[in-house]
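Descriptive structure summary
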Amino acid sequence: RTQGELLTNGLSAALGAGYRHVDTAALYGNEATVGKVIKASGVARRDVTIATKLWCSEHGREKTKRAIASSLKELGLDYVDLYLIHAPRNQGKSPGEIISLRHESWAVMEEFQRKGVLKSIGVSNFNKAQLQLLMKSGTVRPSVNQIEFHPY
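Every value quoted in this text rests on a predicted model; they were computed, and no experiment measured them.

**Describing the sheet that holds strand β5 (residues 145-146)**
By way of backbone hydrogen bonds, the strands of a sheet pair with one another, either parallel or antiparallel. What the 5 strands build is an open sheet, ordered β1-β2-β3-β4-β5; its pairing is parallel. Every other strand in the sheet has two partners, leaving β1 (21-23) and β5 as the edge strands with one partner each. Bridging between strand β3 (residues 80-85) and strand β4 (residues 118-124) involves 5 bridges; their strand directions are parallel. By the bridge assignment for β4, Val 80 is matched with Leu 118. Strands β2 (49-54), β3 and β4 of the sheet are contacted by helix α4 (residues 95-114), whose axis makes an angle of about 160° with β4.

**Digging into the packing of helix α1 (residues 4-16) against helix α2 (residues 31-41)**
Between α1 and α2, whose axes approach to 10 Å, the crossing angle comes to 35°. In this structure, α1 crosses over α2, and the sense of that crossing is right-handed. Where α1 approaches α2, its residues Gly 4, Leu 7, Thr 8, Leu 11, Ser 12 and Leu 15 are matched on the opposing element by Thr 33, Val 34, Val 37, Ile 38 and Ser 41.

**Section: the pairing of β3**
Successive residues of a regular strand alternate their side chains across the two faces of the sheet. With 6 of 6 residues buried, β3 lies mostly within the body of the structure. For β2 and β3, the ladder comprises 4 bridges, and the chain directions are parallel. By the bridge assignment, Leu 54 is partnered in β3 with Ile 85. Running through helix α3 (residues 61-75), the crossover from β2 to the neighbouring parallel element β3 is right-handed. With α4 bridging β3 and its parallel neighbour β4, the resulting β-α-β unit is right-handed.

Thresholds applied
Residues numbered from 1 in each chain as written. Predicted model: local features only at pLDDT ≥ 70, side-chain atom pairs only at ≥ 80, totals over all residues. Heavy atoms only, no water. Pairing = 2+ DSSP bridges. Helix = DSSP H or I, 4+ residues; strand = E, 2+ residues; numbered from the N terminus. Contact = heavy atoms within 4.5 Å. Axes fitted to C-alpha atoms, helices over the stretch in contact; angles between N-to-C directions. Left-handed = near helix turned anticlockwise from the far one by under 90°. Buried < 20%, exposed > 50% of the residue type's maximum accessible area, 1.4 Å probe, protein only. Right-handed = clockwise from strand over helix to strand, strands pointing away.

This is the structure:
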């Protein structure tokens, strides 16, 4: 969730040192800075893998469409390499509604992948049962299940 000058300097140094994968999320509030730093770096867009994520409050068909458009605009891009559902929880009021909203979001992500706007799609912090349910609802298997893991 790094922002501001710390993000600008850190990401500039990382790109200068040869790093080519950038992971961000709408929740972090730094997509615009990430996009500007990448553009200013001189590194060709095709050489940088950019991942961003759909936040829990944005699940559902129309919200997901708006969230994808917002991330693209903030990043200053016409596509992202990897788009993830940030976490399996969402604003649904019942277990059934939570699953339904998640499946609606996945269907939109599949649609945007077919259009080439999202090169790969995946999830973050899903357990086995959540993955199995998601795979039954869609036609595209998640390419990634990014798991948060750190020592603190």
